[in-house]
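Given next are the chains, with one letter for each unit.
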Amino acid sequence: MLSVEALTVRADGVELVREVSFGIAPGERVGLIGESGSGKSLTALSLMGLLPEGVSATGSATLQDQPLLGVPDKRVKGLRGRVVSMVFQEPMTALNPTMRVGAQVSEVMTLHGVPRAEARERALDLLGRVGVEAPRAYPHQLSGGQRQRVMLAIALANEPSLLICDEPTTALDVTVQKQMLELIVELAPAVLFITHDLAVVASVCSRVLVMYGGRVVESGPLREVFTNPRHRYTEGLLAASKLTPRGTRLPIIPGAVPSRFPSGCPFRDRCAHASPACESDPALTGEGHAYACWHPRD
Amino acid sequence: MPTPAGTPVIEARDLTRVYRASRFKPGVEALRGVSLDIGRGERFGIVGESGSGKSTLLRLLCGLDRPTSGSVRFEGREITGLGERQLRFLRDDLQIVFQDPMSSLDPRMRVRDIVAEPLVALGRPVGDRVAQLLTEVGLPASAADRYPHQFSGGQRQRIAIARALAPNPKVLVADEPVSALDVSVRGQILNLLADLIDTHGLTLVFVSHDLSVVRHVCESVAVMHRGVVVERGLVDDVWSRPQHDYTRTLLQAVPTLEGLL
Amino acid sequence: MRGNLVIGAVLVGLTVVAALVSFVWTPHDPTLVDAAHRLAPPGGDYLLGTDKFGRDTLSQLMVGARTTLYVGIVAVGIAAVIGTPLGMLAGMTPRGWLSELIMRVNDLVFAFPALLLAVMLGAVYGAGTLTAMIAIGVATVPAFARIARAATMQVMVTDYIMAARAAGRRGPAIALRHVLPNIGSMLIVQASVSFAIAILAEAALSFLGFGTRPPTPSWGRMLQEAQELLFSTPRLALWPGLAIALAVLGFNLLGDGLRDHLDPKLRRIRAER
């Protein structure tokens, strides 16, 4: 359904995302994980046609045979919110503070040609389904979790075939996060779920892409990747995500995500297994469970 | 396990804090009668979600805000109602690391001035203490001449930790020190904190929304919900046998890799 | 837009250069009355012509730029020196009675027209450049106090202020070391916008006869003197009018440009579009 081929995002001649390819089948929930600076959000924004000024994407991306990349702004605008929609991290700034939430949900439908009365009725229904019983409330009268539910209702209003979630629960409390994740699983069609939290992705997705340095370094079925990681970065990330008993040292990945990644394998300057071979680019290889590493974990 | 011996370092009694939007409206009770003792050398966790009152409690314990009623004693000395001048002893002995290392470092100050600030404020000599502190938190001494925005999140948190250690405090208060950091950096900062607590014999007050992080760091914990402490005890007991409904909800809500795979 | 900043800087720069050059050189003596060259047309020896007393218009404009900048600097200086600390004080104690008092007095001054204040001061203490500057300066204090207060309140809720307090810093040190450097950019923007308003006010006062006194050249007074010949020799009004308009435009553009340039939030929004 969604097919991304060799997506590359550049700004000022610097490659921020490099040759990213993946697909999402109808009903599938795919996780895109990585730390800040890995290029995961840029990947999502380029699919939405929302890249910042001065940042451009090449490659191809099609959703239900409609191209998302390299088409005029107008065409993408028509698809956005209708075929593909997005839920962002910060629910306060994404809502119009001077408009009642019910009106905001119905507006996205009237924008795409749904008659006003029908849109209003469906907005009420949608808000009910995400558990917001106050369509006449203004955003500031709602809690962070409720606002994020309104965002979900807006994103789902036109029954898109793909929902992109960019850290949708990072700003929420854990008890609220749980409800939100359950709602996404229940209501969304296919999902591209972006997060830095491995446990969150494990509770939502069946397949996962691990990004580092603008590249997909490992991909495959979630359980397979998380229990048997091959790339050294994935291995380190998984180890660092587990909290060991008190008094013991936590496993770490040395250093920090750099602002400029080395040539060849982007992870080689933080990797304990790096060798001269890593100076050339490892290709993402493997059927189903693929990884781009010269010295994979056995 | 270090047992709280003698008088606790921090004693909070029946703390209440009401925020008023105006004189004519009823206020919001952020804190409703919280009491707790933190013993010398203890690693004490405070867990709660937003609106639980944990940040308000933290500010009161640090003498950064005044309670509506109740009292806080530090090493037996009353700190509530004291002016900034009389709080010197507290600033000497208790320091804080904040959640977001981007906003807790003044963007217009060099790292040298940031780290030296507590010393300058308390009228102590600076000397080569900045270089020594930076080395201790794992940063090159050359970092002193740069500005906060030139560092990554983890490095900025190291700078904030160096600042907190500057006056040689006895108590370190950490307010969600790793929740704004990348996963791969989180372990580095938690390991660093553990080392520093051991070498300096610090008492730690660790505030977090994440009980699993608290379990890695602390022995005792207080769980807060809507302005009151709903449960307290040894972390391992609270973790394996939660008594209060809210604690149970909280524990179930946190997704863990171990539980999901 | 980057363009605002550049155009503003060029216009302001032109005014400053004209004023500086006038100290060492002007084409003619700007105050020299020369009956032989009354109302000389532009061109030749008198690039922009002469007025009814035979004074060279270009020389007058150049020295007038001096007056204009002088008034602007002193007036904005007064406003910034009084308004900024008051605003910071109010912003650092937002619920205290002092803050309340400062802001109410501020509203009172704000409600009082600057020109009326200048005319009153002029009537009591005698008209003159100094009176005009003080009046304009006092009338601009509220603008600075408000901006300083709002910016200070934003800074005061950040964690680095909390951290400074936890480090043992007290009010005055926090104000000087943390608040002032972080609200500086907003004050600079306010200063350039206030400068434009001060230029206009000085011109208006001089035009009304409450500002700069003869023989010191002033753009406002040049306009006033051109009034009676407006239909026969309109260029006499055109040149000072143009100078005022361009200088005011320059400072306004500079203010806008600086705001966009210095405000990281606006910069991010532009990047997102």
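What counts and how
Residues numbered from 1 in each chain as written. Chains lettered and ligands numbered in written order. Predicted model: local features only at pLDDT ≥ 70, side-chain atom pairs only at ≥ 80, totals over all residues. Helix = DSSP H or I, 4+ residues; strand = E, 2+ residues; numbered from the N terminus. Rg over C-alpha atoms; globule rule 2.2 N^0.38 Å. Buried ≥ 20, exposed ≤ 12 C-beta atoms within 10 Å, placed from the backbone. Contact = placed C-beta atoms within 7 Å. Axes fitted to C-alpha atoms, helices over the stretch in contact; angles between N-to-C directions. Parallel < 35°, antiparallel > 145°, perpendicular 65-115°, else oblique. Left-handed = near helix turned anticlockwise from the far one by under 90°. Nonpolar A, V, L, I, M, F, W, Y, C, P; charged D, E, K, R; others polar. UniProt positions renumbered as here; feature names shortened; annotations may be inferred. Pairing = 2+ DSSP bridges. Core = buried A, V, L, I, M, F, W, Y, C linked by C-beta atoms within 7 Å. pLDDT = per-residue confidence, 0-100.

**Student:** I keep staring at the overall build of chain B and nothing clicks. Help me out?
**Tutor:** The helix and strand tally for chain B stands at 10 helices and 10 strands. Taking 2.2 N^0.38 as the reference for a compact globule, 261 residues should give roughly 18 Å; the C-alpha atoms of chain B span a radius of gyration of 19 Å, in line with that estimate. Across its three principal directions, the C-alpha atoms of chain B cover 50 × 50 × 40 Å. Residues classed as buried in chain B amount to 50% of the 261 residues present. Of the contacts made within chain B by residues no fewer than 6 positions apart, 67% connect residues no fewer than 24 positions apart.

**Student:** Mind showing me how you'd approach the packing of helix α9 (residues 232-241) of chain A against helix α6 (residues 183-200) of chain B here?
**Tutor:** Any two packed helices are characterised by how steeply their axes cross, that is the angle between the axes, and by the distance between the axes. Relative orientation of the contacting elements α9(A) and α6(B) amounts to 50°, with a least axis distance of 8 Å. As the angle between them shows, α9(A) and α6(B) are arranged oblique. When you trace α9(A) past α6(B), the crossing you get is left-handed. Facing α9(A), whose interface residues are A:G236, A:L237, A:A240 and A:S241, α6(B) presents B:V183, B:S184, B:R186 and B:G187. Its residues assigned to classes, the contact of α9(A) with α6(B) shows 3 nonpolar, 4 polar and 1 charged.

**Student:** I keep staring at the UniProt feature "domain: ABC transmembrane type-1" (unreviewed entry) in chain C and nothing clicks. Help me out?
**Tutor:** UniProt's feature table lists "domain: ABC transmembrane type-1" (unreviewed entry) at residues 65-255 of chain C, given in the numbering used throughout. Secondary structure over residues 65-255 of chain C splits into 83% helix and 0% strand, and the C-alpha atoms at its two ends are 19 Å apart.

**Student:** Teacher, can you tell me more about the UniProt feature "transmembrane region" (unreviewed entry) in chain C here?
**Tutor:** Residues and elements named next belong to chain C. UniProt feature "transmembrane region" (unreviewed entry): in the numbering of this structure it lies at residues 5-25, 69-93, 105-124, 130-148, 187-210 and 237-258. Between the C-alpha atoms that bound residues 69-93 there is a distance of 35 Å. The span itself is 96% helix and 0% strand. Annotated as residues 237-258, this span is 100% helix and 0% strand, and its ends, taken at the C-alpha atoms, are 32 Å apart.

**Student:** Hey, could you run me through the interface of chain B and chain A in this one?
**Tutor:** The accessible area lost on association of the parts is a frequent measure of interface size. Counting residues at the interface gives 29 residues for chain B and 31 residues for chain A. At 8 residues, the largest contribution of residues to the side of chain B that touches chain A is made by α6(B). Classifying every residue of the side of chain B that touches chain A by side-chain character gives 12 nonpolar, 13 polar and 4 charged.

**Student:** Whenever I open this one, the sheet that holds strand β1 (residues 10-19) of chain B confuses me. Can you help?
**Tutor:** Sheet strands pair via backbone hydrogen bonds, and the direction of the pair is either parallel or antiparallel. Residue and element names in this part refer to chain B. The strand order β2-β1-β4-β5 describes an open sheet built from 4 strands, whose pairing is antiparallel. Each edge of the open sheet carries a strand with a single partner, namely β2 (28-38) and β5 (77-78). As judged from the 8 bridges shared by β1 and β2, these two strands associate in the antiparallel manner. Each residue of the ladder has a partner; that of R17, found in β2, is L31.

**Student:** I tried to follow unusual backbone geometry on my own but got confused; where do I start?
**Tutor:** Across residues other than glycine, the phi torsion is negative in most instances, and most of the peptide bonds are trans. Residues and elements named next belong to chain A. Although it is not a glycine, A6 adopts a positive phi angle of roughly 50°. Of note, A6 is situated in strand β1 (residues 2-11). Residue D12 is not a glycine yet carries a positive backbone phi of 50°. Of note, D12 is situated in the loop between β1 and β2 (14-24).

**Student:** Any chance you could explain the environment of C:R95 here in plain terms?
**Tutor:** Residue and element names in this part refer to chain C. Within the element layout of this structure, R95 appears in the loop between α2 (57-92) and α3 (97-111). Of the residues examined, R95 has 9 C-beta atoms within 10 Å and is grouped as exposed. Sequence spacing of R95 and I174 is 79 residues, and the spatial spacing of their C-alpha atoms is 18 Å.

**Student:** I keep staring at the packing of helix α4 (residues 114-125) of chain C against helix α7 (residues 171-208) of chain C and nothing clicks. Help me out?
**Tutor:** Residues and elements named next belong to chain C. Put simply, α4 and α7 touch, their axes get as near as 11 Å, and they point 45° apart. Comparing their axes, α7 and α4 come out oblique. Like other packed secondary-structure pairs, α4 and α7 cross with a definite hand, here right-handed. Residues A114, L115 and A118 of α4 form the contact with α7, whose own contacting residues are A201, A204 and L205. In the contact of α4 with α7, the residues fall into 6 nonpolar, no polar and no charged.

**Student:** Quick question: what am I supposed to make of the sheet that holds strand β9 (residues 207-212) of chain A here?
**Tutor:** Residue and element names in this part refer to chain A. The 7 strands are arranged β6-β7-β8-β3-β9-β10-β11 in an open sheet whose pairing can be described as mixed. Each having just a single partner strand, β6 (84-87) and β11 (290-291) make up the two edges of the open sheet. Relative to strand β7 (residues 162-166), β6 runs parallel, the two being bridged by 4 bridges. Across the sheet, V87 pairs through a bridge with C165, a residue of β7. The sheet contacts of helix α1 (residues 40-48) involve β3 (29-33), β6, β7, β8 (190-195) and β9, and relative to β7 the element is tilted by about 145°.

**Student:** How should the environment of B:M224 be read in this particular structure?
**Tutor:** Residues and elements named next belong to chain B. Locating M224 in the fold gives a position in strand β9 (residues 220-225). For M224, a count of 27 C-beta atoms within 10 Å puts it in the buried group. For the pair formed by M224 and L31, sequence separation is 193 residues and the distance between their alpha carbons is 9.7 Å.

**Student:** Sorry if this is basic, but what is going on with the nonpolar core here?
**Tutor:** As a rule of thumb, nonpolar side chains are buried together in soluble globular proteins. B:L61, B:V115, B:V173, B:V205 and C:I136 are the most contacted members of the largest nonpolar core, which totals 155 residues. Residues contacting B:V205, with those up to four places away along its chain left out, are B:I38, B:F44, B:I46, B:L61, B:V171 and B:V173. By size, the runner-up hydrophobic cluster in this structure holds 87 residues, among which are A:V9, A:A44, A:V87 and A:V201.

**Student:** How should I be thinking about the pairing of strand β3 (residues 43-47) of chain B in this particular structure?
**Tutor:** Strand residues, when the strand is regular, have side chains that alternate between the two faces of the sheet. Residues and elements named next belong to chain B. Taken across its 5 residues, β3 has 5 buried, putting it largely inside the fold. Neither face of β3 is open: one carries R43, G45 and V47, the other F44 and I46, and all of them are buried. Relative to β9, β3 runs parallel, the two sharing 4 bridges. Note that in β9 the partner of F44 across the bridge is S220.

**Student:** Please clarify how the confidence of the model for chain C should be interpreted in this entry.
**Tutor:** Keep in mind that low pLDDT regions are not for reading the predicted coordinates in detail. Residues and elements named next belong to chain C. Taken over all residues, the pLDDT of chain C has a mean of 82, while the share at 70 or more is 96%. Of all the helices and strands in chain C, helix α10 (residues 264-272) carries the lowest mean pLDDT, 45, while α2 carries the highest, 89. Under a pLDDT of 50 for its full length, residues 266-273 has, in the predicted model, 5 contacts with residues more than four places off or in other chains. Here the predicted complex carries an ipTM of 0.83, next to a pTM of 0.83.

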